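Fold and contact review
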Amino acid sequence: MGAAQAPRRAGEGLRALILVPGGRGQLGHDLAALSADVRAVSSAELDVTSVTAADLAGASAVVNCAAYTAVDAAETDEERAFAVNAVGAGLLAEACATAGIPMVHVSTDYVFSGDGTRPYEPSDPVGPKSAYGRTKLEGERRVLEAGGYVVRTAWVYGVHGSNFVKTMAALESSRPTLSVVDDQVGSPTWSRDLAAGLLELVSVLPSERLLHATGGGETTWFRFAQAIFEELGADPSRIQPCTTAEFPRPAPRPAYSVLSGAAWAKAGLRPLPQWRSALSEAFRAGVVAPRAGAAPLG
């Protein structure tokens, strides 16, 4: 590969083409819906584990959504998770550096231990407890080393793909009661809000390269589920709180996943909306298809 060029801003030239590898998921769909300048491509169209600068021809920026996100499966398939989340992210960042274009890489709260008691700042010590978290952390390291941006987020849901909101909506119609963990704290993030934030980041390109972007405020999975039932017009008392210990999973979940948005705001970027108002807006946007006889409350 040739010598790396100085990155150009995404708006320079005749038209900004923002390439989104792994763009067929919920975040990629929203990026494409928000901007005609986005070209969201599948992993089959652009494999980050073998990408070169030549594959980025015509792009003015890259937002990397390609990731191995099967958190539990990664515990026994860490090699594959590492190939995508670490090696692939690093190769893409190197290709962007060679092509002279900025790259934004989406990462996760799982890089932290989850033992915190206040919102995590980007500079706080990391300590992933899962294979997924370890592979994402190594991907961050490689992206930052190549001069890219890393944006950590958490608890993402959207219109496309599988997510907690859709799961709760499906279970509401099939079970009289549900138990949901109430000892894990985080910030639900609507993928459309995150997509808007990432597009703003691409247009601004601040000096700080490691940032956090999630919905504002915090809650537990139990209270998040209750809010989803409220939006469905269902009785939230049908949901009962339980502990993480009552529902063990192969991969440990962070008990505390709240990420501070202070550095994001300091960089001149607009904070993402509060999680509860965003959830209502997401329902109005059709994150869950309306059902006859179930009108939202309020």
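A brief report on the enclosed structure follows. (Residues numbered from 1 in each chain as written. Predicted model: local features only at pLDDT ≥ 70, side-chain atom pairs only at ≥ 80, totals over all residues. Heavy atoms only, no water.)

What to know about the packing of aromatic side chains
Heads up, the rule is: Side-chain rings of Phe, Tyr and Trp, where Trp is taken by its six-membered ring, are said to pair if the distance between their centres is within 6.5 Å; with planes under 30 degrees apart they count as stacked, over 60 as edge-to-face, and otherwise as tilted. Strands here mean DSSP runs of E at least two residues long; helices mean DSSP runs of H or I at least four residues long; both are numbered from the N terminus. Type-normalised accessible area, obtained with a 1.4 Å probe on protein chains alone, sets the label of each residue: buried when under 20%, exposed when over 50%, and partly exposed for intermediate values. Criterion for a charge above a ring: Lys NZ or Arg CZ within 6 Å of the ring centre, and within 35 degrees of the ring normal.
Tallied over the full model, the rule gives nine aromatic pairs. An angle of 55° between the planes, with centres 6.2 Å apart, marks the rings of Tyr-120 and Tyr-256 as tilted. Here Tyr-120 is found in the loop between β4 (103–108) and α3 (131–145), whereas its partner Tyr-256 is found in the loop between β12 (239–242) and α7 (262–266), with 136 residues between them in sequence. Taken as a pair, Tyr-120 and Tyr-256 share a single burial class, namely buried. Consider the rings of Phe-164 and Phe-224, whose centres lie 5.2 Å apart with planes at 25°: the pair is stacked. One end of the pair, Phe-164, is in helix α4 (residues 164–172); the other, Phe-224, is in helix α6 (residues 221–232), and 60 residues separate them in sequence. Phe-224 shares its class with Phe-164; the two are buried. Ring pairing ties together the aromatic residues Trp-155, Tyr-157, Phe-164, Trp-221, Phe-224 and Trp-275, which thus form one cluster. The aromatic ring of Tyr-149 is capped on one face by Arg-209, whose charged end is 4.7 Å from the ring centroid.

Focus: the pattern of salt bridges
Side chains carrying opposite charge are able to pair once their charged atoms draw close together. Condition: Take a side-chain nitrogen of Lys or Arg and a carboxyl oxygen of Asp or Glu: if they are within 4 Å of each other, that pair is a salt bridge.
As enumerated under the stated definition, the model contains 16 salt bridges in all. Between Arg-253 and Asp-72 there is a salt bridge, and its shortest N-O distance comes to 2.6 Å. With Arg-253 in the loop between β12 and α7 and Asp-72 in the loop between β3 (61–64) and α2 (78–99), this residue pair connects regions lying 181 residues apart in the sequence. A residue is classified by how much of its surface remains accessible, and Asp-72, at 18% relative accessible area, is buried. Ionic pairing is found between Asp-124 and Arg-118, a salt bridge with its closest N-O pair at 2.8 Å.

Looking at the sheet that holds β4
Across a sheet, strands are paired by hydrogen bonds formed along the backbone, either parallel or antiparallel in direction. Spelled out, the test is: Paired strands, as defined in this entry, are two strands with at least two bridges between them according to DSSP. Comment: axis = line fitted to C-alpha atoms, over the contacting stretch for helices; angle = value between 0 and 180 degrees taken between N-to-C directions. In this description, contact between two residues means that some pair of their heavy atoms is separated by no more than 4.5 Å.
Here six strands make up an open sheet; going across it, the order is β2-β1-β3-β4-β5-β10 and the pairing parallel. Edge positions in the sheet fall to β2 (38–41) and β10 (210–212), since each has one partner strand and no second. Here the average twist between neighbouring strands, direction ignored, is 20°. Where strand β5 (residues 149–153) lies against β10, three bridges are found, and the strand directions are parallel. Bridge pairing in β10 places Val-151 opposite Leu-211. Sheet strands touched by α3: β4, β5 and β10. Its angle to β4, the strand with the most contacts, is close to 155°.

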